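Remarks on the overall topology
If you want the building blocks of each chain, they are given just below.
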Amino acid sequence: MAQLTCQNLCVGYDGKSVLQDLNFEVFAGDYLYIVGENGSGKSTLMKTILGLQPPISGRILTGDGLRKNEIGYLPQQTVVQKDFPASVREIVLSGCQGRCGSRSFYNKEEKQLAEAAMDKMQITQLAKRCYRELSGGQQQRVLLARALCATQKMLLLDEPVSGLDPKVTAELYALIEKLNREDGITVIMISHDMAAAVKFASHILHIGDTVFFGTKAAYLQSPQGRLFAAEKGGEDQ
């Protein structure tokens, strides 16, 4: 059974469609890249999947034991968020809020979960540091650790390496790939980095004038994939 199913989905704002007739399934352990031009509806689709806004029409179903409140989310950061005056530990712990229910405090299990997430993201030594004093790459690791506190099943990442230098980008990609391959966490990532999509993805959803959804191998044989391969001078595996 699929963890996530979109059926005849139409998404947009104020009743105006930006993406319609979308059908795809995501299974446990998949690594799905969502690619396409600016304004094609990628972030709108992600927010709709998360329940942050309703679909115009169609359905989004969860299954295979996944509930909507078990999806971790790493959104694009705003300037205000980058300057947030809290400690790394406080921000990571805030990812456990969905587990607290009516409690106004974090229990021992949630604190241990936050410590484990920081360890996975290799930021334990930064726990007492102020978030706004960190580099862009360190901040993204903190937010990824926060997202991990919300889920052990599925992560939704919106341009997680935007604005990072190549070395830091490569390190973050490696951490995300490890979460997918070793921990079995399903990853859905919005990205403009087509080379990374072809390298890491198990499946690709290409949104634009035409829509493609399928495996990476099928994508490379599609009109969209062949155009990319031609621009790169060959298929990059």
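Residues numbered from 1 in each chain as written. Predicted model: local features only at pLDDT ≥ 70, side-chain atom pairs only at ≥ 80, totals over all residues. Heavy atoms only, no water.

1. Thoughts on the sheet that holds strand β7 (residues 186-190)
- Here we have six strands laid out as an open sheet, ordered β5-β6-β7-β3-β8-β9, and mixed in their pairing. Each edge of the sheet is formed by a strand with only one pairing partner; in this case those strands are β5 (71-74) and β9 (212-215). Neighbouring strand axes in the sheet, compared pairwise and without regard to direction, differ in orientation by 15 degrees on average.
- Note: β5 against strand β6 (residues 154-158), four bridges, orientation parallel. Residue pairing for β6: G72 is matched across the bridge by L155.
- Contacting β3 (31-36), β5, β6, β7 and β8 (203-207), helix α1 (residues 42-49) crosses the sheet at an angle of about 150 degrees to β6.
- Of the strands in this sheet, β5 and β6 are in contact with helix α6 (residues 136-150), which crosses β5 at around 165 degrees. (Pairing = 2+ DSSP bridges. Helix = DSSP H or I, 4+ residues; strand = E, 2+ residues; numbered from the N terminus. Axes fitted to C-alpha atoms, helices over the stretch in contact; angles between N-to-C directions. Contact = heavy atoms within 4.5 Å.)

2. What to know about the confidence of the model for the protein
- For the protein, the mean per-residue pLDDT works out to 89, and 93% of the residues sit at or above 70.
- Mean pLDDT values over the elements of the protein span from 67, in helix α2 (residues 79-82), up to 97, in β7.
- Low pLDDT, under 50, characterises residues 233-237; the predicted model gives this stretch eight contacts beyond four residues in sequence or across chains. (pLDDT = per-residue confidence, 0-100.)

3. Comments concerning the pattern of salt bridges
- Taken as a whole and assessed by the stated rule, the structure comprises seven salt bridges.
- Residue R141 pairs with E171 through a salt bridge whose shortest N-O separation is 3.4 Å. Here E171 lies in helix α7 (residues 166-181) and R141 lies in helix α6, a separation of 30 residues in the sequence.
- Residue class for E171 comes out partly exposed when judged on its relative accessible area of 30%.
- Connected via shared salt-bridge partners are R67, E70 and K153. (Salt bridge = Lys/Arg side-chain N within 4 Å of Asp/Glu carboxyl O. Buried < 20%, exposed > 50% of the residue type's maximum accessible area, 1.4 Å probe, protein only.)

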